[in-house]
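# An overview of the molecular structure
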Amino acid sequence: MWRTGATLVFGAGLGAAASRLLSAGGWREEGGAGLMSRVPVIPVPGVPTVQASELQVSPVSSGAVMKYGFPSLSNIKTRESYVTSYDPRTRTASWVIERLNPASLSGLSDRKYCEFKEDDSVHVFHRATNADYKGSGFDRGHLAAAANHKWSQKAMDDTFYLSNVAPQNPHLNQNTWNNLEKLCRSLTKHYLNVYVCTGPLYLPRQEADGKLYVRYQVIGRNHVAVPTHFFKVLILEQADGKGVELRSYVLPNEPISEQVPLERFLVPIETIERTSGLLFVPNIMKRTAGGVRAIADR
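Described below are features of the structure shown in this document. (Residues numbered from 1 in each chain as written. Predicted model: local features only at pLDDT ≥ 70, side-chain atom pairs only at ≥ 80, totals over all residues. Heavy atoms only, no water.)

## Overview of the pairing of strand S7 (residues 165–168)
As a reminder, the rule being used: A simple rule labels every residue: compare its accessible area, found with a 1.4 Å probe on the protein chains alone, to the largest value its type can have, and call it buried under 20%, exposed over 50%, or partly exposed in between. Helix and strand assignments follow DSSP, with helices taken as H or I runs no shorter than four residues and strands as E runs no shorter than two, numbered in order from the N terminus. When DSSP finds at least two bridges between two strands, those strands are taken to pair.
Across the two faces of S7 the burial is the same, with Val165 and Pro167 and Ala166 and Gln168 all buried. Relative to S7, strand S6 (residues 139–142) is paired through 4 bridges, and the arrangement is antiparallel. Each residue of the ladder has a partner; that of Asp139, found in S7, is Gln168.

Set out below in structure tokens:
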């Protein structure tokens, strides 16, 4: 039996919201007060304003990748293919942002030339090693997917830093999560650019005493944290300045029946903002003139 019960409860409790429309003037939410009146804006120093026309020039510009701002501002690292915020306590990233378009998905790069490797930019006390994963029962699950960056072998190689992976249930990694990554790539056929922010979540569960606890496993000598869930936030940039669409997913770090459609894991963007401690909407609003539509229907 697949362990989807926790997923369905989580989705029903936190994901039961209809589509939301955002405009340049603020967030409009049916039946409730505006989110923008309650959420502070994170200052984003040093991020250049990038026009849509510039985004087609080169897949390597970190300024272009971060067009819609930083979800948080701690331990930022820039790679050839993505930008990340690293959490030394969990030995994984807090989030990873990448930009997908037909140019980034095309090329001769091959993952057979890539190997998982320690991130030597992280202090030895705070980094994961391959030995931590050996025999753990978990896959080294990519946050920025290797197949998203075929445009450069170096870009693909960078996705194999252990700072870009997290312990992931093998069945999830090889099936439903892989399908979600494929969906992200397929959306590049319909949108100018697809920005993908991925990260781990550590969510509470109610236990026998009726109280909520956050409990998660750690693996290896370095105590790499095993997330209870993973999130993906998709910022879908429409052509001709018509604004962006948002899709946000939360999946449990456990086997999921392939009969459960990906739409079942759509949640309102504020669900991820509240549970992760990150902010997306204020930064997106500051950089969008054509309006934003958040898709949370399931």
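## A word on the packing of aromatic side chains
Counted only if it meets this: Only centres within 6.5 Å qualify two rings of Phe, Tyr or Trp (six-membered ring in Trp) as a pair; their planes then separate them into stacked at under 30 degrees, edge-to-face at over 60, and tilted for everything else. We count a charge as sitting over a ring when the NZ of a lysine or the CZ of an arginine lies within 6 Å of the ring centre and within 35 degrees of the ring normal.
On inspection of all chains with the given rule, the structure shows 4 aromatic pairs. An angle of 55° between the planes, with centres 4.9 Å apart, marks the rings of Phe116 and Phe160 as tilted. Taken together, the residues Phe116 in the loop between helix H3 (102–105) and helix H4 (130–133) and Phe160 in the loop between helix H5 (153–158) and S7 connect sequence positions 44 residues apart. You'll find Phe116 and Phe160 in the same group, each marked buried. Between Phe231 and Phe280, the aromatic rings sit 6.4 Å apart at their centres with planes inclined by 75°, giving edge-to-face as the arrangement. With Phe231 in strand S13 (residues 229–237) and Phe280 in the loop between helix H8 (269–276) and helix H9 (281–286), the pair connects residues that are 49 residues apart, well separated along the chain. Relative accessible area serves as the criterion here: at 5%, Phe280 is assigned to the buried category. Directly above the aromatic system of Tyr161 lies the positively charged group of Lys117, at a separation of 4.5 Å from the ring centroid. Of note, Arg215 hangs over the ring of Tyr213, and the distance from its end group to the ring centre comes to 4.6 Å.

## Focus on the nonpolar core
Put simply, the rule is: Residue types Ala, Val, Leu, Ile, Met, Phe, Trp, Tyr and Cys, when buried and joined through side-chain atoms within 4.5 Å, form a set referred to as a nonpolar core. Any two residues having at least one pair of non-hydrogen atoms within 4.5 Å are treated as being in contact.
By size, the foremost hydrophobic cluster in this structure holds 26 residues, and its most contacted members are Val194, Leu234, Tyr249 and Leu251. Elements with a minimum of two residues in this core: strand S5 (92–100), helix H7 (176–186), strand S8 (193–201), S13 and strand S14 (244–252). Here Leu234 is in contact with Cys184, Leu187, Tyr195, Val196, Glu245, Leu246, Arg247 and Tyr249, once residues within four sequence places are set aside. Counting 24 residues, the second-largest nonpolar core is a separate cluster that includes Ile97, Leu203, Val267 and Val292.

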